[in-house]
Amino acid sequence: MRITIKIQRFNPESEIKKAHWVDYTLDAGRETTVLLALIKIKEEIDGTLTFRASCRASICGSDLMMINGIQKLACRTSVLEEISRHGKLQVGPMDKMPVIKDLVVDMDPFWQKLKAVKPYVERQNDDAPVQSETLTNIQEDLENADACIMCGACLSACNSFEASSDFLGPAALAKAYRIQVDPRDEMRIDRLTALQEDNGIWDCVRCVYCVQVCPKDVAPMEQIVRLRRLSIAANMTESIGALHITKFTEVVGEEGRLNETKLPLLMTWGNFKKMFQMIPLGIKMLIHGKSPNPFADPPAGHKAVRAIFKGRKK
Amino acid sequence: MKYAYYPGCAGKGATPELHQSTMKVVNGLGIEVHELDAFNCCGAGVISEADPDLAYTLNARTLATAEALHLDIMTVCGTCQGVLGGINKKLQKDKSLRKRINLGLQKSTGLTYNGTVKVKHIQWILVKDFGLEALKPFISNPLTDVSIAPFYGCYILRPESATGFDDWENPQSLEKLIKTMGAYPVEYDGRTKCCGFPVFLEKEKIATELVANRVGSAKKAGADAMVTPCPLCHMGLDIYQKDAEKIHQKKEGLSHTLDMPVLHLPQLLGLAMGYSPESLGMKHHLMPTAPLIQKIH
Ligand code: SF4
Ligand code: SF4
Ligand code: FES
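**Side note on the sheet that holds strand β4 (residues 119-121) of chain B**
All names here are of chain B.
- Pairing is parallel in the open sheet, where four strands are placed in the order β2-β1-β3-β4. At either end of the open sheet lies a strand with only one pairing partner, and these are β2 (32-35) and β4. Looking at each pair of strands side by side, their axes are set apart by 40 degrees on average, direction ignored.
- Contacts between helix α4 (residues 52-68) and the sheet are confined to β1 (2-6), β3 (72-75) and β4, with β3 contributing the most and set at about 125 degrees to the helix.

**Structural notes on the side chain of Gln180(A)**
- With respect to the helices and strands, Gln180(A) occurs in helix α7 (residues 170-180).
- Apart from residues lying up to four places away in sequence, Gln180(A) is in contact with Arg188(A), Arg191(A), Leu192(A), Leu227(A) and Leu230(A).

**Some points on the pairing of strand β7 (residues 225-228) of chain B**
Residues and elements named next belong to chain B.
- The alternating pattern of β7 places Ala 225 and Val 227 and Met 226 and Thr 228 on opposite faces, both of which are buried.
- One ladder, built from three bridges, connects strand β5 (residues 147-150) with β7; its direction is parallel. The partner of Ile 148 across the bridge, within β7, is Ala 225.
- Two strands pair when backbone bridges link them, and β7 and strand β8 (residues 262-264) are joined in this way by three bridges, in the parallel orientation. Bridging across to β8, Met 226 finds its partner in Val 262.

**A look at the site of ligand 1**
- Around ligand 1, the surrounding shell consists of Cys158(A), Ser160(A), Phe167(A), Pro170(A), Cys204(A), Val205(A), Arg206(A), Cys207(A), Val208(A), Cys210(A), Met221(A) and Ile224(A).
- When grouped by side-chain class, the residues that make up the shell around ligand 1 number 10 nonpolar, one polar and one charged.

**What to know about unusual backbone geometry**
- The omega torsion across Arg158(B) and Pro159(B) is -10 degrees, close enough to zero to call that bond cis.
- Mapping Pro159(B) onto the fold places it in the loop between β5 and α8 (173-180).
- The backbone phi angle of Ala219(A) is positive, close to 50 degrees, even though this residue is not glycine.
- With respect to the secondary-structure elements, Ala219(A) resides in the loop between α9 (209-213) and α10 (220-233).
- Overall, the relative accessible area of 11% leaves Ala219(A) in the buried class.
- Of note in the backbone geometry, Asp259(B) takes a positive phi value of approximately 40 degrees without being a glycine.
- Counting through the fold element by element, Asp259(B) comes out in the loop between α11 (241-252) and β8.

**As for the pattern of salt bridges**
- Applying the stated criterion across every chain yields a total of 37 salt bridges over all chains.
- Notably, a salt bridge pairs Glu49(B) with Arg228(A), separated by 3.0 Å at the nearest N-O pair. Of this pair, Glu49(B) sits in helix α3 (residues 47-50) while Arg228(A) sits in helix α10, on two different chains. Of the two residues, Glu49(B) and Arg228(A), both sit in the buried class.
- One salt bridge in this structure joins Lys247(A) and Glu250(A), with 3.3 Å as the shortest N-O distance. Here Lys247(A) and its partner Glu250(A) are both found in helix α11 (residues 240-255), three residues apart, which amounts to about one turn of the helix.
- Owing to a relative accessible area of 40%, Glu250(A) belongs among the partly exposed residues under this scheme.

**Quick notes on the interface of chain B and chain A**
- Opposite the 64 residues of chain B that make contact, chain A presents 57 residues.
- For the pair chain B and chain A, the two sides together bury roughly 5,200 Å², of which 60% comes from carbon and sulfur.
- Linking chain B with chain A are 12 salt bridges, by the criterion used here.
- Note that Arg85(A) and Glu169(B) form a salt bridge whose closest N and O atoms lie 3.2 Å from each other.
- Our enumeration of links across chain B and chain A arrives at 30 residue pairs in polar contact (both at pLDDT 80 or more).
- A class-by-class count of the residues in the side of chain B that touches chain A yields 30 nonpolar, 15 polar and 19 charged.

**Quick look at the sheet that holds strand β2 (residues 20-27) of chain A**
Residue and element names in this part refer to chain A.
- If you walk across this open sheet you meet the five strands as β2-β1-β5-β3-β4, and the pairing is mixed. Among the strands making up the open sheet, the edge pair consists of β2 and β4 (70-73). The sheet shows a mean angle of 35 degrees between the axes of neighbouring strands, direction not considered.
- Where strand β1 (residues 2-9) lies against β2, eight bridges are found, and the strand directions are antiparallel. Along β2, the bridge assignment pairs Ile 3 with Leu 26.
- Contacts from helix α1 (residues 34-45) reach β1, β2, β3 (64-67) and β5 (90-92) within the one sheet, and its direction differs from that of β2 by about 95 degrees.
- Packing of helix α2 (residues 79-86) onto the sheet brings it into contact with β1, β3 and β4, and relative to β1 it is tilted by some 85 degrees.

What counts and how
Residues numbered from 1 in each chain as written. Chains lettered and ligands numbered in written order. Predicted model: local features only at pLDDT ≥ 70, side-chain atom pairs only at ≥ 80, totals over all residues. Heavy atoms only, no water. Pairing = 2+ DSSP bridges. Helix = DSSP H or I, 4+ residues; strand = E, 2+ residues; numbered from the N terminus. Axes fitted to C-alpha atoms, helices over the stretch in contact; angles between N-to-C directions. Contact = heavy atoms within 4.5 Å. Buried < 20%, exposed > 50% of the residue type's maximum accessible area, 1.4 Å probe, protein only. Near = heavy atom within 4 Å. Nonpolar A, V, L, I, M, F, W, Y, C, P; charged D, E, K, R; others polar. Salt bridge = Lys/Arg side-chain N within 4 Å of Asp/Glu carboxyl O. Buried area = accessible area lost by both parts, 1.4 Å probe. Polar contact = N/O pair within 3.5 Å; in protein donor to acceptor, adjacent residues only side chain to side chain.

Keep in mind that these numbers describe shape and distance, not what the molecule does.
This is the structure in structure tokens:
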């Protein structure tokens, strides 16, 4: 079948310095991946087309790009399936990363974040023996956090990273979780403490993009949630992110539902600066009938919910 | 066509206009609903961060209640849909999980869930169960010449394993509904992205920046209003829009105001069905809806 691929081209050393789209037409079949198509274009149509790839089998993570606007590995994406799903085939460099040339981006932001979480086991005495069952036993705790091929899809798609370039991001935090459950590591409390700071686990907006685009099912957001749970279990409950979880749960445990007036009050209680900042919006919400009465009787159904909470505590 | 209607905390709390307009629309269309008036919170993904089994049990109670009524559930909140619908799928698939959760549920409430209920957002019900063709005769006030930016938000699309109605990469149900109402669906960047609402209380800067990006992008594409199936997105995009406007103006210049009405899906449909703005609870919005209403009438 004859198909057309639209590719975003950019060469800082050429006369056209701006990124621009170029159409390529070629034959493709059921077995044609986007990577095979790119190789064909490079070999038969335009030798200047530049992209990264190596294993062709979703292992090396080097050919992540925007395919119809979504972060995908070119070697694992079928040309025909894309066309039937989106009615077109557009290929561009990974979003939110500096473009070096055509489809090749600078992965430095990704590596810096990974480095920042010290993605290796730290021990006083590296030679001290480790019981072999310790390592087999953690397999389950690891979830899939050790399957990462460092392709960068999750960071590129991350909505929190869109707003805040210093956010550690999904891959690095998933890696932080992977070390957090490794019994050989001796710095686990310090690591968890560091993750409470700005740009750490509480900066994730829970957009679920990382879970969806990861080609290896690492589910970074779920690992971030596990880090949050571990933090609360380790009594790191002071951050307003942790308070959001504990107070939300407390309100629902009492009333059976969320009362949107009570939650912010409880979360910021005693934090006068924050409470003060909320006043103007609070008044507007009140005027527009958007602030449920925090002193009203709990709604129907609260007794059953209280019983469920009580049962869980046992 | 009858459903157990799960209004969600927002519908009965900070966004009463969602419940109000939903009732107006379902009554007008003849969709029968049995309101679950003793319903509990789905946990919004927050309670599961504290205790996953607690979140499962709370949602199992909702599912068991609907099961006893022999009804499928209709949600009106993208977040409720993602959480309740996602947990439902897990409880249906994983028998040992269901057994464990039922044990606690049975002890504390006497209820058991057998996994027979379907959870559907009103957006999906309108497109599929009711059907776009069947909807057409009810559009007595087509929204001609009005441009609407569809905003899906996160949990009605992702993770795909929990939702599975629209293709998350290229969802179309809102676009189809907008067209059926006679309006024009605007293409813009950000319709499937996050509004920032989950972190407004703790990370205001990040959240406000996201609102600025989403509304700013819809504005640039020429939208008269945005429409969303999620009341939390509605809140993010409506009540924080004035703060977001400052960020937008810093990037684009002072003359670039946002002034974007953000409607709940049942509100927009209600307008197209000829109901008055008052009866759809428009007074609860922080961003003025009058210019849009004028354009429609
Ligand atoms: S869920 Fe969190 S970490 Fe994952 S992409 Fe969204 S904001 Fe980033
Ligand atoms: S977590 Fe997944 S998406 Fe992110 S870098 Fe690793 S393999 Fe890629
Ligand atoms: S070429 Fe190695 S992952 Fe695609």
